[in-house]
Amino acid sequence: MYDPVQLRTFLAVAQTLSFTQAARRLGLRQSTVSQHVRRLEDATGRPLFARDTHRVELTEAGEAMLGFARRILEVHEQAAAYFTGARPGGRLRFGASEDFVLTRLTDILQSFRRGHPEVDLELTVELSGTLHERLDAGKLDLVLAKRRPGDPRGELVWRDDLVWIGAPRLRVDPELPVPLIVYPPPGITRAVAMEALDREGRPWRVACTSGSLNGLVAAARAGLGVMAHSRGLIPQGLERLPDRAGLPELGSVDFVLRHGDRDAAARGASDALAVAILAGGDRLQRGQG
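Residues numbered from 1 in each chain as written. Predicted model: local features only at pLDDT ≥ 70, side-chain atom pairs only at ≥ 80, totals over all residues. Heavy atoms only, no water.

1. Some points on the nonpolar core
Then, in step 1: Core analysis: the biggest nonpolar cluster contains 43 residues, and Phe94, Leu144, Trp164, Val226, Leu247 and Leu273 have the highest contact counts within it.
Then, in step 2: Ignoring sequence-local partners within four residues, the contact set of Trp164 consists of Leu180, Ala193, Leu197, Val226, Met227, Ala228, Glu239, Arg240, Leu241, Leu247, Pro248 and Leu250.
Then, in step 3: Core analysis: the next-biggest nonpolar cluster, separate from the first, contains 22 residues, Val33, Leu48, Leu58 and Ala61 among them. (Core = buried A, V, L, I, M, F, W, Y, C linked by side-chain atoms within 4.5 Å. Buried < 20%, exposed > 50% of the residue type's maximum accessible area, 1.4 Å probe, protein only. Contact = heavy atoms within 4.5 Å.)

See below:
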């Protein structure tokens, strides 16, 4: 009833909330992406997206289709691998940024391990900037991380707004330097936050530095300062600061997959995990514990 090609297109649009970005990810024309979505909507008898010239949003039916689409595609990939005998194996060095520590990335990896028991998965959790450096040095095969503004490298998983977050009822004194809770260099959100404040001529100070997201969250929950963070990944116990806080806009951030210069042994496993992440990428935003 539901065409896997159309389901992959639907997931790409749902994760990027952009027909243009979905077309780039899939290597299709935008008209083809629209056609796939329209045919899937015809098959379901429901509109899956509410869209105008400025914004794309999932409808209630679209939210429901996310789970169905993931499961259908997962079974489809498993069946194809079984009957073609194309079961990847070998060592796969995968790097994920600290942003995903509190998300359901573990669910995606667990499902991948069940479906690909021959793959020896080696996970590295680090800052996005460090992961890109290790990939460039040939020390990783696949990376899921943020990329710097203007960096064209990587396959877009989703784009999200960067916002200021802090403890509930936190007040930022406009007469004092902004207390920042940040990753150490080469943290990408660290650089974005500092550059945004510098452009506004707003003084700042570093109130906490930690290479661990759990450490940053603990400091923020204690009210030590503010963090620049993806809107879709706000940890429990923290909330977005209101506009009246007077902090500058931070723009958006891209979460991408990047492949390394892989040998033949790692290529199949890397491609299979990339497919699993692209199929389940919305769970990273919506499924935090």
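2. Description of the packing of aromatic side chains
Then, in step 1: Enumeration according to the criterion identifies 5 aromatic pairs in this entry.
Then, in step 2: Taking the centre distance of 5.4 Å and the plane angle of 45 degrees together, the rings of Phe10 and Phe49 count as tilted. Here Phe10, found in helix 1 (residues 4-16), pairs with Phe49, found in strand 1 (residues 49-51); they are 39 residues apart in sequence, far enough to count as distant.
Then, in step 3: Taking relative accessible area as the criterion, Phe49 reaches 5% and is therefore assigned buried. (Phe/Tyr/Trp six-rings, centres within 6.5 Å; stacked < 30°, edge-to-face > 60°. Helix = DSSP H or I, 4+ residues; strand = E, 2+ residues; numbered from the N terminus.)

3. Topic: the packing of helix 2 (residues 19-26) against helix 3 (residues 30-44)
Then, in step 1: Packing of helix 2 against helix 3 leaves a shortest axis separation of 8 Å and a crossing angle of 105 degrees. As far as their axial angle goes, helix 3 and helix 2 are roughly perpendicular. Touching Phe19, Thr20, Ala22 and Ala23 of helix 2 are Gln30, Val33, Ser34 and Val37, all from helix 3. (Axes fitted to C-alpha atoms, helices over the stretch in contact; angles between N-to-C directions. Parallel < 35°, antiparallel > 145°, perpendicular 65-115°, else oblique.)

4. Thoughts on helix 2
Then, in step 1: Three or more residues of helix 2 are buried, namely Phe19, Gln21, Ala22, Ala23 and Arg25.
Then, in step 2: Between a side-chain oxygen at the N-terminus of helix 2 and the backbone nitrogen of Thr20 the separation is 3.3 Å; the capping residue is Ser18.
Then, in step 3: Taken from the residues just after helix 2, Gly27 is the one with a positive phi, measuring 70 degrees. (Polar contact = N/O pair within 3.5 Å; in protein donor to acceptor, adjacent residues only side chain to side chain.)

5. As for helix 8 (residues 213-221)
Then, in step 1: Among the residues of helix 8, Leu213, Leu216, Val217, Ala219 and Ala220 are the ones counted as buried. Seen from one end, helix 8 has its buried residues packed into an arc of 160 degrees, which puts them on one side.
Then, in step 2: Where the residues of helix 8 are buried, they touch strand 7 (178-182), strand 8 (204-209) and strand 9 (227-230).
Then, in step 3: Where helix 8 begins, the side chain of Ser212 points an oxygen toward the backbone nitrogen of Asn214, at a separation of 3.2 Å. (Arc of directions from axis to C-beta.)

6. Overview of the pattern of salt bridges
Then, in step 1: Under the defined criterion, the tally for this structure stands at 11 salt bridges.
Then, in step 2: Here Arg51 ties to Glu41 by a salt bridge, and the two come within 3.5 Å at their closest N and O atoms. Taken together, the residues span a long stretch of sequence, with Arg51 in strand 1 and Glu41 in helix 3 at a distance of 10 residues.
Then, in step 3: Classification of Arg51 by relative accessible area gives partly exposed; the value is 41%.
Then, in step 4: Between Asp254 and Arg147 there is a salt bridge, and its shortest N-O distance comes to 2.9 Å. With Asp254 in strand 11 (residues 252-259) and Arg147 in strand 5 (residues 142-147), the pair connects residues that are 107 residues apart, well separated along the chain.
Then, in step 5: Judged by relative accessible area, Arg147 falls into the buried class, the value being 11%.
Then, in step 6: Here the salt bridges share partners, and the residues they tie into one network are Asp136, Asp151, Arg153 and Arg258. (Salt bridge = Lys/Arg side-chain N within 4 Å of Asp/Glu carboxyl O.)

7. A look at the environment of Trp158
Then, in step 1: With respect to the element layout, Trp158 can be found in strand 6 (residues 155-166).
Then, in step 2: With 99 residues separating them in the primary sequence, Trp158 and Leu257 have C-alpha atoms 9.9 Å apart.

8. Section: the packing of helix 1 against helix 3
Then, in step 1: Viewed as axis vectors pointing N to C, helix 1 and helix 3 meet at an angle of 110 degrees, and their least axial separation amounts to 9 Å. What the angle tells us is that helix 1 and helix 3 run roughly perpendicular. Along its contact with helix 1, which presents Val5, Gln6, Leu7, Thr9, Phe10 and Val13, the element helix 3 presents Val33, His36, Val37, Arg39 and Leu40.
Then, in step 2: When grouped by side-chain class, the residues that make up the contact of helix 1 with helix 3 number 7 nonpolar, 3 polar and 1 charged. (Nonpolar A, V, L, I, M, F, W, Y, C, P; charged D, E, K, R; others polar.)

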